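Coordinate analysis (summary)
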Amino acid sequence: MSQEHRTKSGFETRAIHAGWEPDPSTGAVIPPIFATSTYKQDGVGGLRGGYEYSRSANPTRTALEATVAALEEGERGFAFASGLAAEDTIVRGLLEPGDHVVLPNDAYGGTHRLFDKVETRWGVGQTPAALGDLDAVRAALTDRTRMIWVETPTNPLLGIADIAALADLAHGVGALLVVDNTFASPYLQRPLTLGADVVVHSTTKYVGGHSDVVGGAVVVRDLELAEKVAYHQNAMGAVAGAFESWLTLRGLKTLGVRMEKHCDNAERVVAFLEADERVEHVYYPGLASHPGHEVAARQMDRFGGMVSFRVKGGEERALAVCGAAEVFTLAESLGGIESLIEHPGRMTHASVAGTDLEVPADLVRLSVGIETVDDLLADLDRALG
Ligand SMILES: *Cc1c(COP(=O)(O)O)cnc(C)c1O
């Protein structure tokens, strides 16, 4: 695919073609799993295609990295062994000891733990703030703030942060704006086009999309950041393996059609829950009543496949609903083709019990999959009964 097509063609075309040309020696349409650690040199330093050692670069990983970069409309992409490995690499690769980060006060638990328990020991300070409130973010800034970390929508209450406004705020104080785009995926939201400097993903979720691989990705806006991340990806070594890269790329090619179906099904689930008197409250940024709806409508193409709701009757009822569902599988994680149900208070968010971030005990979170929607509605109807 020419450079022009790589940047100008539609999302689905880029997802399928941007990262790989049919192999010149065999015509292979799909990149092989390059299960090799090293590469023959044609004379000392005579690398073929720049490949030297697979921590530094591997062609299967390159195909994934080029595709993610094309979809996020960034300068360059990088694939990692997990979302958290990607996060650690950009924090320690782009910041210095003594620097300070503003984090969402409802950040993904693993992100919070990484900053709170690991990065602080490397001298990187952090302050949690409610990112939906720009004054709260301003109040959290220090003279050493070099990064504002954004998640939108958030987990599990689907809070929305204004990426463009936060990018202005960050750049005004010489900080980078990093967006964890895991929940929206690049199909629904492209933070780099809204002013963000770095996008990070747990590709374990929508990008891979089939609950069969753990991985992470970073895409950066400019060459200077690309060079720093490339250096640290190799120097720290938390890279995606060839097979994991291949699985992730295989999933990524169908992101567009999957996300449309996730959104269609989630909208039907939301309408069902809103009309059901056994349900107390529904959290979905597509609802006009959602406090972040206007911002979400501006920066997202649709509102995604994640839905949370509170059940009338308290925690016991919420636990019973989770236990009674059959098509929705009771499990952590999200973003796969299969629908999942979980109780954040006892499962994904148990570690924040007793803090300001404690989630309601009657809350249930759904990752709405792409099954036949009538089966999902019937399952919820039965589980609520
Ligand atoms: C899962 C997740 C992560 C962590 O990614 P892993 O692949 O599990 O390391 C980070 N951010 C968000 C929003 C997530 O959902």
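Residues numbered from 1 in each chain as written. Predicted model: local features only at pLDDT ≥ 70, side-chain atom pairs only at ≥ 80, totals over all residues. Heavy atoms only, no water.

**Describing the site of the ligand**
Around the ligand sit Ser82, Gly83, Leu84, Glu87, Tyr108, Asp180, Thr182, Phe183, Ser202, Thr204, Lys205 and Gly215, and that is every residue in its neighbourhood. Within the contact set of the ligand, an oxygen atom lies 2.8 Å away from a side-chain nitrogen or oxygen of Ser202. At 2.8 Å, a side-chain N or O of Thr204 approaches an oxygen atom of the ligand. Residues of the shell around the ligand, tallied by class, amount to 3 nonpolar, 6 polar and 3 charged. (Near = heavy atom within 4 Å. Polar contact = N/O pair within 3.5 Å; in protein donor to acceptor, adjacent residues only side chain to side chain. Nonpolar A, V, L, I, M, F, W, Y, C, P; charged D, E, K, R; others polar.)

**Quick look at the packing of helix H4 (residues 83-94) against helix H9 (residues 223-236)**
Where H4 meets H9, the closest approach of the two axes is 9 Å, and the angle between their N-to-C directions is 115°. The crossing of H4 and H9 is right-handed. For the pair H4 and H9, the contacting residues are Asp88, Thr89, Ile90, Arg92, Gly93 and Leu94 in the first and Leu225, Lys228, Val229, His232, Gln233 and Met236 in the second. Looking at side-chain class alone, the contact of H4 with H9 contains 5 nonpolar, 4 polar and 3 charged residues. (Axes fitted to C-alpha atoms, helices over the stretch in contact; angles between N-to-C directions. Helix = DSSP H or I, 4+ residues; strand = E, 2+ residues; numbered from the N terminus. Left-handed = near helix turned anticlockwise from the far one by under 90°. Contact = heavy atoms within 4.5 Å.)

**Observations concerning the nonpolar core**
General note: in soluble globular proteins, nonpolar side chains tend to be found buried as a group. Judged by nonpolar contacts, the single largest core of 80 residues is most densely connected at Leu177, Leu273, Val307, Phe309 and Leu366. For this core, the element with the most residues is helix H11 (residues 255-274), which contributes 8 residues. Shared between two domains, this core takes at least three residues from each, and those domains are domain 1 (3-252) and domain 2 (256-384). If we skip the residues at most four places from it in the chain, Val307 touches Leu158, Ala266, Val270, Leu273, Val282, Tyr283, Tyr284, Val364, Arg365, Leu366 and Val368. Counting residues in hydrophobic clusters, the runner-up holds 24 residues, among them Ile90, Leu103, Trp149 and Val178. (Core = buried A, V, L, I, M, F, W, Y, C linked by side-chain atoms within 4.5 Å. Buried < 20%, exposed > 50% of the residue type's maximum accessible area, 1.4 Å probe, protein only. Domains from an automatic or database assignment.)

**Details of the domain arrangement of the protein chain**
Split into domains, the protein chain comes out as domain 1 (3-252) and domain 2 (256-384). A straight line from the C-alpha centre of domain 1 to that of domain 2 covers 26 Å. The interface is formed by 32 residues belonging to domain 1 together with 37 residues belonging to domain 2. Between domain 1 and domain 2, roughly 2800 Å² of surface is buried when both sides are summed, and carbon and sulfur atoms account for 60% of that area. A per-residue breakdown of the area domain 1 buries against domain 2 is headed by Leu158, Leu188 and Tyr206, which together make up 26% of the total. Summed over the shared surface of domain 1 and domain 2, the result is 2 salt bridges. (Buried area = accessible area lost by both parts, 1.4 Å probe. Salt bridge = Lys/Arg side-chain N within 4 Å of Asp/Glu carboxyl O.)

**Quick look at the packing of aromatic side chains**
For the coordinates displayed, the defined rule picks out 4 aromatic pairs. Ring centres of Phe115 and Trp149 lie 5.4 Å apart, and the angle between their planes is 75°; this geometry places the pair in the edge-to-face category. Here Trp149 lies in strand E4 (residues 145-151) and Phe115 lies in helix H5 (residues 109-118), a separation of 34 residues in the sequence. Look at Phe115 and you get buried, because its relative accessible area is 0%. What makes Trp149 buried here is its relative accessible area of 0%. Geometry around Trp122 places Arg92 over its ring, the cationic atom sitting 5.0 Å from the centre. Above the face of the Tyr108 ring, Lys205 is positioned so that its terminal group lies 5.1 Å from the ring centre. (Phe/Tyr/Trp six-rings, centres within 6.5 Å; stacked < 30°, edge-to-face > 60°. Lys NZ or Arg CZ within 6 Å of the ring centre and 35° of its normal.)

**Quick look at the sheet that holds strand E6 (residues 198-202)**
Within the open sheet, the 7 strands sit side by side as E1-E7-E6-E5-E4-E2-E3. Their pairing is mixed. Unpaired on one side and paired on the other, strand E1 (76-80) and strand E3 (125-129) mark the two borders of the sheet. Adjacent strand axes in the sheet meet at a mean angle of 20°, parallel and antiparallel pairs treated alike. As defined by bridge partners, strand E5 (residues 176-180) adjoins E6 across 3 bridges and the pair is classed as parallel. Across the sheet, residue Val178 finds its bridge partner in E6, namely Val198. (Pairing = 2+ DSSP bridges.)

**As for the side chain of Glu119**
If you trace the backbone, Glu119 turns up in the loop between H5 and E3. With residues up to four places along the chain from it excluded, the contact list for Glu119 reads Asp88, Val91, Arg92, Leu114 and Val124.

**Things to note about the sheet that holds strand E12 (residues 363-367)**
Read across the sheet, 5 strands follow the order E8-E9-E12-E11-E10 without closing on themselves; strand pairing throughout is mixed. Looking at the sheet topology across the chains shown, the edges are occupied by strand E8 (279-283) and strand E10 (329-330). Where strand E9 (residues 306-311) lies against E12, 5 bridges are found, and the strand directions are antiparallel. From the neighbouring strand, Arg310 faces E12, where its bridge partner is Leu363.

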